[in-house]
Amino acid sequence: MKFIVNSQLFAKQLTSISGVLTNNNTVPIINCFHFKLEGNTLTVRTTDLETTLVSKIEVETGRNDENNEIAVPSKLLLDILKLMDDAPLNFSSDPKTFSIEISSGDGKYSLAGNNPEAFPKMPSKENTSSVVLPASALTNAISKTIFAASTDEMRQQMSGIFCELTPDGATFVATDAHKLVRYRRTDVLAEESTNFILPRKPMTLVKNILGSRKEDCEVLMEYNNTNVFFSFENFFIICRLVDGKYPNYEAAIPKNNPNKLTIDRVAFLNTLRRVGLFASQSTHQIRLSLNQEELMTSAEDLEFANDAHEKIPCSYDGEPMEIGFNAKFLTEMILNLDTEHVLMEMSIPNRAGIIFPINDEGEHKNEDILMLVMPVMLAN
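Procedures and definitions
- Numbering of residues begins from 1 in every chain and follows the order in which that chain's sequence is written.
- Two thresholds apply to this predicted model, a pLDDT of at least 70 for residue-level local features and 80 or more for giving and counting side-chain atom pairs, whereas whole-chain, interface and lining totals are computed over all residues.
- Think of the side-chain values as coming from all heavy atoms in the structure, minus any hydrogens and water.
- Whenever a helix is involved, its axis is fitted only over the stretch in contact; in every case the axis is a line through C-alpha atoms, and angles between N-to-C directions fall within 0 to 180 degrees.
- Strands here are runs of E lasting at least two residues and helices are runs of H or I lasting at least four, both read from the DSSP assignment and numbered beginning at the N terminus.
- Any angle from 65 to 115 degrees is called roughly perpendicular, while one under 35 is roughly parallel, one over 145 is roughly antiparallel, and all others are oblique.
- In this scheme, a crossing is called left-handed if the near helix is turned counterclockwise away from the far one by less than a right angle; it is called right-handed if the turn is clockwise.
- We call two residues in contact whenever any of their non-hydrogen atoms come within 4.5 Å of each other.
- In this classification, the charged set is Asp, Glu, Lys and Arg, the nonpolar set is Ala, Val, Leu, Ile, Met, Phe, Trp, Tyr, Cys and Pro, and all remaining amino acids, among them Gly, are polar.
- Note on terminology: a nonpolar core comprises buried Ala, Val, Leu, Ile, Met, Phe, Trp, Tyr and Cys residues joined through side-chain atoms within 4.5 Å.
- Burial status follows relative accessibility: with a 1.4 Å probe on protein chains alone, a residue under 20% of its type maximum counts as buried, one over 50% as exposed, and anything between as partly exposed.
- One requirement defines pairing of two strands: DSSP has to find at least two bridges between them.

Peer 1: How would you explain the packing of helix α1 (residues 7–17) against helix α2 (residues 74–82) if you had to name every residue and give the values?
Peer 2: Two elements in contact, α1 and α2, have axes separated by 9 Å at closest approach and are oriented at 140°. In terms of axis orientation, α1 runs oblique to α2. In the crossing of α1 with α2, the sense of the turn from one axis to the other is left-handed. Packed against α1, whose contacting residues are Ser7, Gln8, Phe10, Ala11, Leu14 and Thr15, the element α2 presents Leu77, Leu78, Leu81 and Lys82 at the interface. Looking at the contact of α1 with α2, its residues break down into 6 nonpolar, 3 polar and 1 charged.

Pasting the structure below:
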């Protein structure tokens, strides 16, 4: 196998799919990139046995020998590429010994490759259904939900993003039982209704790769009972679905919330950040005292005799009330919205608060976001 490619372009493409690699693999071969050269197209594959990332790279003067595949040690290759100047790179491998030689400018580097036959095979795409969605829609769905997913390894069903596809739209949900986000799209339509749980790690990789694109593109999402397949531009991503049944999240959302707070999002966020610094480091408890014209935000840490109070103008429709929240959770939610104002609906101090973005007319018309945060009990 021989080809020429720009070193910086090569490094960028390989880095984009290297996120699936880990340092504690018990199977040495999956610490490698799998290269396959067909004409002037180099297909590079990485996997951790749960997730597979594939990128196609156009190279110059590609030449196939009797064997057009090789497994290349990923860390060493990435390390040398990152230190190279922006210049053409010559890559060649011996199909018998699996030795690899890289040259660029006055430098020549040799490394030991591996037998590509030992690299894990690609999961098959049998009995799949599909839906096409804008890359921006998928990126937003992941970004606005994944922070709410559970990190508890004992609750695998809640560690990912629940995806529900119907002929009327798509719903993405994440929760850890303390906070919950439901993100809906009315412009993503499936032929038949289905649902599955997308795992956290590959969804983070998908978000990062899509987020690095300069222009929006279409993503083909195919799925069956065990895997989901994402295809866009020169990338192909496969991940194994999370086994199990997702909890009935709708039952956790209060339906009657007469107390409604409308507030400037950035001002509220900055207040939460400042006052949250003075909250107990074990509970992160923050107190919201609401009346018609202003919101009093306060926190205290009795152990260190710290406390803070800050007033902020607001519009509040409801009975005066005091309610406590985890400042970190509330800050995360407000941070992951991007509208000028937000609406917070509440009922009583021991029931969840619901947060909605207040969208400008015509903006975000195809999306609907609901964020739920559980209260914490206030000390008298």
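Next comes the rest of the account.
Peer 1: How would you sum up the nonpolar core? Please name residues and give values.
Peer 2: Membership of the largest hydrophobic core comes to 99 residues, with the highest contact counts inside it found for Phe35 and Phe230. In terms of nonpolar packing, the next biggest core, distinct from the first, is built from 12 residues, Val173, Val242, Ile354 and Leu370 among them.

Peer 1: Break down unusual backbone geometry for me, citing the residues and quoting the values.
Peer 2: With the exception of glycine, most residues fall at negative phi, and the peptide bonds are largely trans. Phi angles above zero are rare outside glycine, and Ala177 is one such case at about 80°. Looking at the element boundaries, Ala177 is found in the loop between β12 (169–175) and β13 (179–185). Of note in this structure, His284 is not a glycine but carries a positive phi near 55°. Secondary-structure assignment places His284 in the loop between α5 (265–276) and β19 (285–290). Among the residues examined, His284 registers a relative accessible area of 18% and is labelled buried.

Peer 1: Describe the sheet that holds strand β17 (residues 235–240), and please don't skip the residues or the numbers.
Peer 2: An order of β6-β2-β3-β4-β17-β16-β15-β10 is seen for the 8 strands of this open sheet, with the pairing classed as antiparallel. The open sheet has two free edges, formed respectively by β6 (69–73) and β10 (129–134), since each of these has just one partner strand. This sheet shows a mean twist of 20° between the axes of neighbouring strands, independent of strand direction. Of the pairings in the sheet, the one linking strand β3 (residues 41–47) to strand β4 (residues 51–58) comprises 7 bridges and is antiparallel in character. Directly across from Thr41, in β4, lies its bridge partner Glu58. Packed on one face of the sheet, helix α4 (residues 200–211) meets β4, β15 (218–223), β16 (227–232) and β17 and runs near 165° to β17.

Peer 1: Tell me what's going on with the environment of Lys311, and back it up with residues and numbers.
Peer 2: Its location among the elements puts Lys311 in strand β21 (residues 306–313). Spatially, the C-alpha atoms of Lys311 and Met1 are 68 Å apart, while their sequence positions differ by 310 residues. Apart from the residues lying within four places of it in its own chain, the contact partners of Lys311 are Glu294, Leu295 and Met296.

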